[in-house]
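# An overview of the molecular structure
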Amino acid sequence: MIHGLNVTANFAISGDGKISSSDHRPSGWTSEHDHARLIELRKNADAIIVGKGTLQSDHMSLTVQQSARQPLRCVVSRRGNLHGDEKIFSTPGGPIHLLCTESIDHRWEGCAMHEGSLEKFLRTLHHDHHVNHVHCEGGGVLMRELLEIDCVNLLYLTWAAHTLFGGENAPTILGNHVNVFPATRHFALIDHSASPDSGEIFLTYSRQS
Ligand SMILES: NC(=O)c1ccc[n+]([C@@H]2O[C@H](COP(=O)([O-])OP(=O)(O)OC[C@H]3O[C@@H](n4cnc5c(N)ncnc54)[C@H](OP(=O)(O)O)[C@@H]3O)[C@@H](O)[C@H]2O)c1
């Protein structure tokens, strides 16, 4: 955990534990209820963080509609090699921060550029940008590292067992690594509710040490 920093994450998972299909189908396979929860969770965050894959496949702007308070919009990549036409660049919203964990191959206008580890970046957000709550909206590659550095306090899951994706290349919340995860992480269920109309269950888990 990073002292003083609340890190949360939100994912919808299929009946076979996947967050997307093997060809990385964009989000939109869940319900309006799930979307409403996503927006609600976004409202409480000082910063939203996503991996480059999710930013691009889900065409994300990372904004909170009809709100004067906009979270920082944070994107993680190894070298920052975006296309430049991502929706985030053409949509007004919170300041954009791009973390490059290996090297900065290109400096994007209107984007605060950071180089270094994910953990260092989170500490910088907390200490230099007054961020007390970072909310992760995927994908699995980013979530795996957040769990490896063990900084996730709360995990929001939508159990959407009405859909099965199949395929070993379809990612889970840990991406689709074949490598063994370094240590088991335990979470305790602290809240749940069902939406019979959508066939989904909304779960909230808290990290147990
Ligand atoms: N069901 C859900 O709730 C949910 C939520 C989010 C996303 N998704 C789905 O997941 C799929 C996208 O996920 P994804 O597998 O592409 O994962 P991702 O984590 O969104 O993106 C992976 C890319 O982001 C960068 N990245 C992420 N973590 C990094 C780290 N710790 N260090 C350095 N770079 C990092 C890398 O970009 P570079 O290649 O530039 O280095 C990597 O190739 C889409 O289909 C999306 O719809 C589903």
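Residue numbering note: each chain is counted from 1, following its sequence as written. The predicted nature of this model means local features are confined to residues of pLDDT at least 70 and side-chain atom pairs, given and counted, to a pLDDT of 80 or more, with totals for whole chains, interfaces and linings taken over all residues. Side-chain metrics rest on all non-hydrogen atoms present in the structure, leaving aside hydrogens and water.

## What to know about helix α4 (residues 118-128)
Here is the rule: Three exposure classes are used, based on accessible area relative to the maximum for each residue type with a 1.4 Å probe and protein chains only: buried under 20%, partly exposed in between, and exposed over 50%. Numbering of helices and strands runs from the N terminus, with a helix taken as a DSSP run of H or I at least four residues long and a strand as a DSSP run of E at least two residues long. Our arc is simply the arc of the directions from the helix axis toward the C-beta atoms. The contact rule is simple, with two residues in contact once any of their heavy atoms fall within 4.5 Å.
Every buried residue of α4 is listed here: Leu118, Phe121, Leu122, Leu125 and His126. The buried residues of α4 all sit within an arc of 135° when viewed along its axis, so they share a single face. Opposite the buried face of α4, by more than 90 degrees, sit the exposed residues His127 and Asp128. Here the buried face of α4 lies against β2 (47-51), β3 (72-77), β4 (96-100), β5 (111-115), β6 (133-136) and α5 (140-148).

## Thoughts on the environment of Leu98
With respect to the helices and strands, Leu98 occurs in strand β4. A relative accessible area of 1% places Leu98 in the buried class. Along the backbone, Leu98 and Gly4 are 94 residues apart, and their C-alpha atoms lie at a distance of 22 Å. Leave out the neighbours within four places in its chain, and Leu98 touches Val75, Ser77, Gly80, Leu82, Trp108, Cys111, Ala112, Met113 and His114.

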